[in-house]
Amino acid sequence: MQFIVCFRSYILSVCFGYRAFLQMPIEAVAMIMPFIAVRKFSGGYHADRFYKCLIISSIVIVTMLQILKYINNNMFFNVIYIGSSILLMIFSPIDSANKRLDNDDKRFCKKITILIVVVLFIIVELHWIAGYRYYTKFIESGVMLAEILQLVAIFNLKYGRK
């Protein structure tokens with residue numbers, strides 16, 4: 001919950017910051033909103049302190065936006081996106097120390113994660129067909145970031161870290 005609150009309060013400052021410095025507010029929103037939607041129900045790595053969440057999130061978002069300036073949305077990028085989407089549907093939800101889930105919660109979160117991932121896939125495909133391919137890579141990267149955090153959490157669980 002703390003992570004979601006962190007991002008909700010963070011969205012406006014990110015958008016205004018990118019508008020002022022990087023001229024990428026639409027791209028930032030296109031990446032952050034799918035990330036938040038998927039992340040809320042999929043679980044994954046959580047920072048143990050709020051300030052760590054802000055620092056790590058800021059670095060990841062700025063870095064990803066800068067990288068995406070120079071990456072074309074090609075077949076390789078789409079394969080990674082599709083792979084991330086499939087892994088999200090398989091592994092979700094991931095329990096965390098901050099948010100334990102019972103079996104009913106797990107089933108609910110899995111269904112919602114699958115629904116969100118499928119809806120985002122349809123949105124990406126419709127944008128692709130309509131010729132708005134530039135923005136699809138930002139939506140796709142939000143999904144990929146959620147899967148990366150799941151993989152970090154799985155790695156940490158497997159090897160005994162927090």
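What you see is a predicted model, and the numbers here were worked out from it, not measured in a lab.

Peer 1: How should I be thinking about the overall build of the chain in this particular structure?
Peer 2: Per the secondary structure count, the chain includes 6 helices and 0 strands. Along the chain, helices and strands appear, N-terminal first, in the series α-α-α-α-α-α. Counting over 162 residues, the chain shows a buried share of 41%. Summarising the internal contacts of the chain: among those between residues at least 6 apart in sequence, 79% fall at separations of at least 24. Total accessible area on the chain is roughly 9,400 Å²; 70% of this is exposed by carbon and sulfur atoms.

Peer 1: Even after reading the chapter, I still don't get the nonpolar core, so can you show me in this structure?
Peer 2: A general feature of soluble globular proteins is that nonpolar side chains tend to end up buried together. If you look at the biggest cluster of nonpolar residues, it comprises 29 residues, and the most contacted ones within it are Met31, Val38, Leu65, Leu120 and Phe138. Within the residue set of this core, elements represented by two or more residues are α2 (25-42), α3 (50-69), α4 (75-91), α5 (103-130) and α6 (133-158). If you tally residues by element for this core, the top one is α2, at 8 residues.

Peer 1: I would appreciate a short explanation of the confidence of the model for the chain in the present structure.
Peer 2: Atom-level detail of predicted coordinates should not be read off regions where pLDDT is low. For the chain, per-residue confidence averages 79 on the pLDDT scale, and residues scoring 70 or more make up 82% of the total. Across the chain, the secondary-structure element scoring lowest on mean pLDDT is helix α1 (residues 2-21), at 54, and the one scoring highest is α5, at 90.

Peer 1: Help me understand the pattern of salt bridges, please; the structure alone is not making it clear to me.
Peer 2: Once their charged atoms are close, side chains differing in charge can pair, the charge on each being opposite to the other. By the definition in use, this model includes 1 salt bridge. Aspartate 104 is paired through a salt bridge with arginine 107; the nearest N and O atoms lie 2.4 Å apart. Of this pair, aspartate 104 and arginine 107 both sit in helix α5, 3 residues apart, roughly one helical turn. The class for arginine 107 is partly exposed, based on a relative accessible area of 49%.

Peer 1: Please explain unusual backbone geometry as it appears in this structure.
Peer 2: With glycine set apart, most residues show a phi of negative sign, and most peptide bonds adopt trans. The omega torsion across serine 92 and proline 93 is -10°, close enough to zero to call that bond cis. By the secondary structure assignment, proline 93 is in the loop between α4 and α5.

Peer 1: What is the right way to read the packing of α2 against α5 from this model?
Peer 2: For any two helices packed against each other, one specifies the inter-axial angle together with the distance between the axes. Contact pair α2 / α5: the axes reach a minimum separation of 8 Å and the direction vectors enclose 160°. Relative to α5, the element α2 is oriented roughly antiparallel. Crossing of α2 over α5 shows left-handed handedness. Residue-level inspection shows Pro34, Ala37, Val38, Phe41 and Ser42 of α2 in contact with α5, the latter providing Phe108, Cys109, Ile112, Thr113, Ile116, Val117 and Leu120. For the contact of α2 with α5, a count of residues per class yields 10 nonpolar, 2 polar and no charged.

Cut-offs and rules
Residues numbered from 1 in each chain as written. Predicted model: local features only at pLDDT ≥ 70, side-chain atom pairs only at ≥ 80, totals over all residues. Heavy atoms only, no water. Helix = DSSP H or I, 4+ residues; strand = E, 2+ residues; numbered from the N terminus. Buried < 20%, exposed > 50% of the residue type's maximum accessible area, 1.4 Å probe, protein only. Contact = heavy atoms within 4.5 Å. Areas by Shrake-Rupley, 256 points an atom, 1.4 Å probe, with all protein chains shown as cover. Core = buried A, V, L, I, M, F, W, Y, C linked by side-chain atoms within 4.5 Å. pLDDT = per-residue confidence, 0-100. Salt bridge = Lys/Arg side-chain N within 4 Å of Asp/Glu carboxyl O. Axes fitted to C-alpha atoms, helices over the stretch in contact; angles between N-to-C directions. Parallel < 35°, antiparallel > 145°, perpendicular 65-115°, else oblique. Left-handed = near helix turned anticlockwise from the far one by under 90°. Nonpolar A, V, L, I, M, F, W, Y, C, P; charged D, E, K, R; others polar.

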